[in-house]
Amino acid sequence: MSLDNTKLLDFLGEVDKELSHKIVVVVGGTAMTLVKVKPSTIDIDFTIPGEFYDEFVKVKKIVNPGFRVDLFHDGAVFTTMLPEDYLTLPTLGVLRFSQIYHSNFVILNN
Amino acid sequence: MYGRAYYANIHEKIHVLTQDNIITLSKSGKSSLISLYFENYLLIDLLAEMELMRKQYFLKEKQEMQMLMMEIDTLLYNVSFIKSISLINPERNAKLNKTEIMFHMFPNKKDMEKTKIEINTIMASLQRIHNIRINYLILDDETFLDLLKLNESNTVKEMLHCKIATLHPQSFWMSIRGEILGGTMIIAEEHEIHPAKIAEEDLVFNLARFGYIEFGPKIKIGKPICIEYIISAIMFHNDARRMDAIPIILAKNKKTSYDLLLFLARRYNFEGKIFGIFKALRNLVHGMTNIDEPIRLLEAMKIEEIKANAKVMKEKLKLYNVT
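Just so you know, the residues in each chain are numbered from 1, in the order the chain's sequence is written. Naming scheme: in the order in which they are written, chains are lettered from A and ligands are numbered from 1. The predicted origin of the model limits local features to residues at a pLDDT of at least 70 and limits the giving and counting of side-chain atom pairs to 80 or more, whereas totals for whole chains, interfaces and linings rest on all residues.

Peer 1: What exactly am I supposed to notice about the overall build of chain A here?
Peer 2: Think of it this way: any DSSP run of H or I at least four residues long counts as a helix, any run of E at least two long counts as a strand, and we number them from the N terminus. When its secondary structure is counted, chain A shows three helices and nine strands. Listing each helix as α and each strand as β along chain A from the N terminus yields β-α-β-α-β-β-α-β-β-β-β-β. Here, residue contact means that the backbone-derived C-beta atoms of the two residues sit within 7 Å. Once local pairs closer than 6 in sequence are excluded, the contacts in chain A between residues at least 24 apart make up 66%.

Peer 1: I tried to follow the interface of chain B and chain A on my own but got confused; where do I start?
Peer 2: Accessible area lost upon the coming together of the parts serves often as the stated size of an interface. Opposite the nine residues of chain B that make contact, chain A presents 10 residues. A class-by-class count of the residues in the side of chain B that touches chain A yields three nonpolar, three polar and three charged. Any residue outside Ala, Val, Leu, Ile, Met, Phe, Trp, Tyr, Cys, Pro, Asp, Glu, Lys and Arg is labelled polar, Gly included; the first ten of those are nonpolar and the last four are charged.

Peer 1: Can you help me understand the nonpolar core in this one?
Peer 2: A general feature of soluble globular proteins is that nonpolar side chains tend to end up buried together. A set of buried residues qualifies as a nonpolar core if it consists of Ala, Val, Leu, Ile, Met, Phe, Trp, Tyr and Cys joined through C-beta atoms within 7 Å. Counting other C-beta atoms within 10 Å of a residue's C-beta gives its exposure: the residue is buried at 20 or more, exposed at 12 or fewer, and partly exposed in between, where C-beta atoms are placed from the backbone. Counting residues in hydrophobic clusters, the biggest one holds 71 residues, and the most contacted among them are I101, Y136, I230, I234, I246, I249 and L261 of chain B. Two domains each put at least three residues into this core: domain 2 (43–181) and domain 3 (195–319) of chain B. Residue contacts for I101 of chain B: discarding those within four places in its chain leaves I85, L87, I88, I134 and Y136 of chain B. Residues V15, I44, I48 and V59 of chain A belong to the second largest nonpolar core, which totals eight residues. Delimitation of the domains relies on an automatic or database domain assignment.

Peer 1: I'm lost on the domain arrangement of chain B in this one. Help?
Peer 2: The domain boundaries assigned to chain B delineate domain 1 (7–36), domain 2 (43–181) and domain 3 (195–319). Distance from the C-alpha centre of domain 1 of chain B to the C-alpha centre of domain 2 of chain B: 29 Å.

Peer 1: Can you help me understand the packing of helix α14 (residues 271–284) of chain B against helix α15 (residues 292–300) of chain B in this one?
Peer 2: How two helices sit against one another is set out by the angle between their axes and by the gap between those axes. Residue and element names in this part refer to chain B. With axes taken as lines fitted to C-alpha atoms, and helix axes fitted only over the stretch in contact, angles between N-to-C directions fall between 0 and 180 degrees. Between α14 and α15, the least distance of the axes is 10 Å, while the angle of their chain directions is 135 degrees. Between α14 and α15, the crossing angle belongs to the class labelled oblique. Considering only the axes of α14 and α15, their crossing is left-handed. Only P294, I295 and L298 of α15 make contact with α14, whose side of the interface consists of E271, F275, F278, K279 and R282. Looking at the contact of α14 with α15, its residues break down into five nonpolar, no polar and three charged. Geometric relationships in this document are graded by angle, where less than 35 degrees denotes roughly parallel, more than 145 denotes roughly antiparallel, 65 to 115 denotes roughly perpendicular, and other angles denote oblique. In this scheme the crossing of two helices becomes right-handed for a clockwise turn of the near helix relative to the far one and left-handed for an anticlockwise turn of less than a right angle.

Peer 1: Please clarify how the confidence of the model for chain B should be interpreted in this entry.
Peer 2: It should be kept in mind that the predicted coordinates are not to be read in detail where pLDDT is low. Across the chain, each position has a pLDDT score giving the predictor's confidence in that residue, from 0 to 100. Residues of chain B with pLDDT of at least 70 account for 99%, and the chain-wide mean is 93. Here the predicted complex carries an ipTM of 0.80, next to a pTM of 0.89.

Peer 1: For this particular structure, what's the right way to read helix α10 (residues 227–237) of chain B?
Peer 2: Along an α-helix, residues three or four positions apart point the same way, because every turn accommodates 3.6 residues. Across the 11 residues that make up α10 of chain B, a large majority, nine, are buried. When α10 of chain B is considered as a whole, its buried residues turn out to be I227, E228, Y229, I230, I231, S232, A233, I234 and M235 of chain B.

Peer 1: What is the right way to look at the sheet that holds strand β3 (residues 82–88) of chain B in this model?
Peer 2: Where strands meet in a sheet, backbone hydrogen bonds hold them as pairs that are either parallel or antiparallel. Residues and elements named next belong to chain B. Strands were regarded as paired on the criterion that DSSP finds at least two bridges between them. On the basis of which strands lie adjacent, the open sheet formed by four strands has the order β5-β4-β3-β6 and mixed pairing. The outermost strands of the open sheet, each flanked by one partner alone, are β5 (133–140) and β6 (163–167). Adjacent strand axes in the sheet meet at a mean angle of 25 degrees, parallel and antiparallel pairs treated alike. By the bridge criterion, six bridges tie β3 to strand β4 (residues 98–105) in an arrangement that is antiparallel. Note that in β4 the partner of S86 across the bridge is M102. Where helix α3 (residues 63–76) meets the sheet, it contacts β3, β4 and β6, and its direction lies at approximately 165 degrees from that of β3.

Peer 1: Would you mind showing me how to read the pairing of strand β1 (residues 23–28) of chain B here?
Peer 2: It is a general feature of regular strands that their side chains alternate between the two faces of the sheet. All names here are of chain B. Of all six residues making up β1, only zero are buried, and the element is barely covered by its neighbours. Of the pairings in the sheet, the one linking β1 to strand β2 (residues 31–36) comprises six bridges and is antiparallel in character. Pairing of L25 across the sheet is with I34, part of β2. Between β1 and β2, which pair antiparallel one after the other, the connecting turn spans two residues, and G29 there sits at a positive phi close to 65 degrees.

Peer 1: For this particular structure, what's the right way to read unusual backbone geometry?
Peer 2: When glycine is set aside, most residues are seen to have a negative phi, and most peptide bonds are trans. Residue and element names in this part refer to chain B. Although it is not a glycine, E61 adopts a positive phi angle of roughly 65 degrees. Even without being glycine, N89 reaches a positive phi, approximately 40 degrees. Looking at the secondary structure, you find N89 in the loop between β3 and α4 (90–95). For N89, a count of 17 C-beta atoms within 10 Å corresponds to the partly exposed category.

Structure follows, in structure tokens:
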């Protein structure tokens, strides 16, 4: 199952409805699909600040998507760590993009 | 069908539909309550037409979903006892790469289990081929109508407003018509309950209603919610103390719909745990024959059992006067 930009936005829309406050998440190759650098992705990766991690796990269980979603802590994406100031990097609308780390930042619940 | 949803347009359309004997208006204070007028023979055809229009609208430009639906219709067309097939909340589920289907069956207790296993095999195969999560609810006509009539929130009442009857929609509405003409009032629930969001006081109230009273929390009258949702809520929170309540309320409530419970177990991923509870319960409580079929269905689905602690369960069942 591959997810294109529309399907990703649909999924993020459903996640967004369940979040109670602003949470910054990072998506890996998924984010490139969101900004249409890649046509599609197979799974979804988020990295979530520690304080919001448990809430996000609960939201993931509530939304319960029919595809794979991987969650990482505090700027980690698999074995790579994002720079410490990753939450303050410039934004592109609601999407932030960093080619160095092949990662984007999506801010939900603005 | 009614143009743009401005108040004036809707008001005008309501009066046209009333004149055409499609709906009836009854006064309740300053408000008007709208009901479908099932005495009108043509109403069923109009409702079926609406279902098919919604089906067309939903499937338009969804090629993958069209392929799946075509296979479902083809493979299940000849399966015995299917009265109608409906998609539950199709728009939202499609966004999440899921589909939820309700199989509404003609009553036939004798061969129903065989049909359920047949549907399960077909669904498992389609899930693999189409890479989509498929969850399904199989309900015989009697259980379907019983759930619609109950004065408590349940999945069937919730699905009425967000389902699309994709196969044999006339049969779907004929069942409801029969019940309404017999004098029953059916009220659809507008909002879906998620087990994770059931308020603590509603949980305590409903557990007490089903025969499990806890020491401590004060019981206040709350919103009546079906036993199947209450079990799902306990499973979702995974609270070890509350888990003890599940076998007790199952043993005390013979009217539990195990078909609905299995559907929710698939939806919220607790099939293994409920399987373990069913098996322990069968050994501990004499005469619980109603869990034999769900056990056989879970076995047929090759669900891996998560064993329940039978010793603790036995003590709790005794404490609550079940054994």
